Every structure is written in C-alpha cells, then in structure tokens.
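Each chain, written out:
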Amino acid sequence: MTSDVRIHASWKSRLQAEFSKPYFLELTTFVRNEYATQTVYPPGKEIFAAFDACPFDEVKVVIIGQDPYHGPGQANGLCFSVRDGVRMPPSLLNIFKEIQQDLGKPVPSSGNLERWAKQGVLLLNATLTVRASSPGSHQNKGWETFTDNVIRVISEEKNGVVFLLWGSYAQKKGEIIDRSRHLVLMSAHPSPFSADRGFFGNKHFSKTNEYLKSKGVKEIEW
C-alpha cells in the first residue's frame, strides 16, 4: 500500500517503522483486497492525502475525524473535506457556520479543505478508508493503531500544536496528547445531532489563532 501512494517524506521517515509491523502488513492486505473487490473511498492514491498536503514540519493544528465520507465523489483524504463542486455534508456546513459566527467569515462555496491543509492543518481521520455506503466498515482493521501513532509522534516531537477534538470519539483518541506541550480544545461534534450541544459557540477557530499568535506562529486563514 505504501509503495504506490504518495506520502510526504517528512512523514515517511517518522512512520517507516509502522509500515513493517505485522498489524500494518495485515491492514495492507485487507485494504488492497477491498479496493480490488469493492468500491472504496477515497481513491487509492488519496489514502494518505492528509499527510501529503501537510508535511510534519508544518503541522500547527490537528483536527481528528472518524471515517472518510462513504458517498460517491465526496472523500478526498482529508477529514471533513469534500471535493470542489460536491455538496457540503451537514457536519462540514456546521463547521463553516461556526467559523461565520466566530470570525465573521462568509460560508465558502467549496467544502474542499486543502486550503487549510496547505497552511498547516492536519485533517486526520482515525480510519483512512471506507467501503461505499458502509460507514465504519474499515474500523478495527489496524488504521486506528496507525493514526494513534501519528498523534503520538506529533505530541512527542513537536511543541505548541493545537488539537481540535470534536465529539467523544476524537476526545478518546486524543487522550495520549501531552497537554503540557500542546493546546487541546474539546467540544461536541459538528454533526446535526450534537452541534447544538456545544459545538456552536465553541470559538475554536479564534482560540486556535489566538494561541498560534501568542507563540509567534502565523494564524490560520479559516
């Protein structure tokens, strides 16, 4: 799987040990078979798009999602993000509504978050692949172990990163983050089922920028 996908060299060097572990070899076999026999998202070459778009040295913010979108043409390898021209899913629309409330920015016409990734926002799903129309279908196959290690590496090797943990799943996954070195912001998930219970009004976007500014780091253009 790793030989034929693009993953930025800054990540490859740090994650190389993971790629040869038994769990990852099993995961690779499973994922290859799924792509060969099923419709799977995102497209194979975009599995590691989050890492490619946001090199390790440039990570300022980490947003943790759960699964890629499982509808046709939606997932592009970045959590919460969709391709240009694709209708925004409800969670993403709620994220933009909070940005509008928090920072006064209009809701954009495109839900493609590559522009965030290029500014140092790692948009990390816990599970990097999913079978079409089948949410959760690639959970507990090894991806979570891999992405836990990604979070651990960031926590241990960097300082002053902002982690945005929305919903209980992301919060549990973020328990390994060293809070003495990083800012961890938590709230309800932006899903329509929970956004009114603490996602709206969390001001995570202005708080992130205030923290980055206090560290002398360029703010994110949300």
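Residues numbered from 1 in each chain as written. Predicted model: local features only at pLDDT ≥ 70, side-chain atom pairs only at ≥ 80, totals over all residues. Heavy atoms only, no water.

Caption draft 1: Structural context of the overall build of the chain. When helices and strands are tallied, the chain shows eight helices and six strands. Starting at the N terminus and ending at the C terminus, the chain contains elements arranged as α-α-β-α-β-α-α-β-β-α-β-α-β-α. Whereas a compact globule of 222 residues would reach a radius of gyration of roughly 17 Å, the chain reaches 17 Å, a difference of no more than 12%. Expressed as a percentage of contacts within the chain between residues at least 6 apart in sequence, the contacts between residues at least 24 apart total 66%. On the chain, roughly 10,100 Å² of surface is accessible, and the fraction owed to carbon and sulfur atoms is 49%. (Helix = DSSP H or I, 4+ residues; strand = E, 2+ residues; numbered from the N terminus. Rg over C-alpha atoms; globule rule 2.2 N^0.38 Å. Contact = heavy atoms within 4.5 Å. Areas by Shrake-Rupley, 256 points an atom, 1.4 Å probe, with all protein chains shown as cover.)

Caption draft 2: Spotlight on the nonpolar core. Core analysis: the biggest nonpolar cluster contains 65 residues, and Trp11, Phe51, Ile63, Trp116, Leu122 and Phe146 have the highest contact counts within it. In terms of residue count, helix α6 (residues 143-157) provides more of this core than any other element does, six residues in total. Each residue touching Phe146, except ones within four places of it in the same chain, is listed here: Leu15, Glu18, Phe19, Tyr23, Phe24, Phe48, Phe51 and Leu128. (Core = buried A, V, L, I, M, F, W, Y, C linked by side-chain atoms within 4.5 Å. Buried < 20%, exposed > 50% of the residue type's maximum accessible area, 1.4 Å probe, protein only.)

Caption draft 3: Expanded view of the sheet that holds strand β6 (residues 183-187). In spatial order, the strands read β3-β2-β5-β6; together these four strands make up an open sheet with parallel pairing. Each edge of the sheet is formed by a strand with only one pairing partner; in this case those strands are β3 (121-125) and β6. The mean angle between the axes of side-by-side strands here comes to 20°, regardless of whether they run parallel or antiparallel. Here strand β2 (residues 61-65) pairs with β3 via five bridges, running parallel. For Val61, the partnering residue across the bridge sits in β3 and is Val121. (Pairing = 2+ DSSP bridges. Axes fitted to C-alpha atoms, helices over the stretch in contact; angles between N-to-C directions.)

Caption draft 4: Main features of the pattern of salt bridges. Throughout the structure, instances matching the rule amount to seven salt bridges. One salt bridge in this structure joins Asp148 and Lys173, with 2.6 Å as the shortest N-O distance. With Asp148 in helix α6 and Lys173 in helix α7 (residues 168-173), this pair connects stretches of sequence that are 25 residues apart. Lys173 sits in the buried class, given a relative accessible area of 9%. (Salt bridge = Lys/Arg side-chain N within 4 Å of Asp/Glu carboxyl O.)

Caption draft 5: A look at the side chain of Asn149. Here Asn149 is to be found in helix α6. With near-sequence residues (within four places) excluded, Asn149 lies in contact with Leu15 and Glu18.

Caption draft 6: Broad picture of unusual backbone geometry. Residue Pro42 follows Tyr41 across a cis peptide bond; omega there is -5°. Along the chain, the position of Pro42 falls in the loop between β1 (40-41) and α3 (49-53). One non-glycine residue, Ser133, adopts positive backbone phi at about 60°. Mapped onto the fold, Ser133 is located in the loop between β4 (130-131) and α6. One non-glycine residue with positive phi stands out, namely Lys203, at about 55°.

Caption draft 7: Structural view of the pairing of β6. Alignment of strand β5 (residues 162-166) against β6, held across five bridges, turns out to be parallel. Residue pairing in the sheet places Val162 in a bridge with Leu183 of β6. Note that the unit made of β5, α7 and β6 has a crossover that is right-handed. (Right-handed = clockwise from strand over helix to strand, strands pointing away.)

Caption draft 8: A look at the side chain of Lys60. The topology assignment puts Lys60 in the loop between α3 and β2. Of the side chains with opposite charge, Glu58 comes closest to the buried, unpaired Lys60, at an N-O distance of 8.2 Å. Every residue in contact with Lys60, bar those within four places of it in the chain, is listed here: Gln119, Gly120, Gly160, Val161, Val162, Leu212, Val217, Lys218, Glu219 and Ile220. (Lys, Arg positive; Asp, Glu negative; His and termini not counted.)

Caption draft 9: A look at the packing of aromatic side chains. Within this structure, the stated rule accounts for 20 aromatic pairs. Both rings, one in Phe48 and one in Phe51, keep their centres 6.0 Å apart while their planes meet at 55°; by these two values the pair is tilted. You can call Phe48 buried: its relative accessible area is 0%. According to the relative accessible area criterion, Phe51 is buried, its value standing at 1%. Ring plane angle 90° and centroid distance 4.8 Å describe the contact between Trp116 and Trp222, whose orientation is recorded as edge-to-face. You can see Trp116 sitting in helix α5 (residues 114-117) and its partner Trp222 sitting in the segment after α8 (204-214), a full 106 residues away along the chain. The exposure classification of Trp116 matches that of Trp222, with both residues buried. Three or more aromatic residues joined by ring pairs form one cluster here, namely Trp11, Phe19, Tyr23, Phe24, Phe48, Phe51, Phe56, Trp143 and Phe146. The ring of Phe56 carries Lys158 above its face, with NZ or CZ at 5.0 Å from the centroid. (Phe/Tyr/Trp six-rings, centres within 6.5 Å; stacked < 30°, edge-to-face > 60°. Lys NZ or Arg CZ within 6 Å of the ring centre and 35° of its normal.)

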